[in-house]
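So the chains spell out like this:
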Amino acid sequence: MNFCKFISIVFISAIIFFGCNSSAKKTKEISSDSTAYTIPAQPDISPAEYKRYHEGIEDYYENKLVKYGFNGAVLVAKRGHIIFEGYHGFFNLRKKDSLNAHSAFHLASVSKTFTAMATLRLEEE
């Protein structure tokens, strides 16, 4: 159960941080009308940390997802660095078009739930 929570949090964080990542290593200031907030820069992940996350996620991907017929794409990132990226299954089952990095997914409003949960989690912290 804890590993599932970890994967969920990493996936949501990946969506947020990968989409909002900046290449700047310095502290960013966000100013509103009367208050300035400072967000500290995140250090890069260590090779040992990368290896540990990659092996855990890859093991889960191969033994829990692919083994039981998973059809989709998985991308896990931490602090703007891609830790794992995997594609399995078909984009179009009739034509047997395999999934790849350029396959388009129609998510509609599914990401609103992830965004709301991530926002609440950040507020809680």
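Residues numbered from 1 in each chain as written. Predicted model: local features only at pLDDT ≥ 70, side-chain atom pairs only at ≥ 80, totals over all residues. Heavy atoms only, no water.

### Thoughts on the packing of aromatic side chains
What the rule picks out here adds up to 2 aromatic pairs. Considering the side-chain rings of Tyr61 and Phe70, the 6.2 Å spacing of their centres and the 75 degrees angle between planes classify their relative orientation as edge-to-face. For Phe70, a relative accessible area of 22% translates into the label partly exposed. Every member of this aromatic cluster is reached through a ring pair, and the members are Tyr61, Phe70 and Phe84. Above the plane of the ring of Tyr53 lies Arg52, whose end atom (NZ or CZ) is 4.8 Å from the centre. Across the ring face of Phe90, the terminal group of Lys96 is positioned such that the distance to the ring centre comes to 5.1 Å. (Phe/Tyr/Trp six-rings, centres within 6.5 Å; stacked < 30°, edge-to-face > 60°. Buried < 20%, exposed > 50% of the residue type's maximum accessible area, 1.4 Å probe, protein only. Lys NZ or Arg CZ within 6 Å of the ring centre and 35° of its normal.)

### Side note on the confidence of the model for the protein
Should the pLDDT be low somewhere, the predicted coordinates at that spot are not to be read in detail. Per-residue confidence for the protein averages 77 on the pLDDT scale, and 66% of its residues sit at or above 70. This model gives residues 21–40 a pLDDT under 50, and the stretch forms 20 contacts once residues within four places in sequence are excluded. (pLDDT = per-residue confidence, 0-100. Contact = heavy atoms within 4.5 Å.)

### Here's the deal with helix α2 (residues 47–65)
Look at α2: 25 Å from first C-alpha to last across 19 residues, which is about the 27 Å you get at 1.5 Å a residue. All buried positions along α2 are accounted for by Glu49, Tyr53, Ile57 and Tyr61. Here the buried residues of α2 occupy an arc of 85 degrees about the axis, which is enough to place them on one side. Exposed and oriented more than 90 degrees from the buried face of α2 are Pro47, Ala48, Lys51 and Arg52. (Helix = DSSP H or I, 4+ residues; strand = E, 2+ residues; numbered from the N terminus. Expected span 1.5 Å × (residues − 1). Arc of directions from axis to C-beta.)

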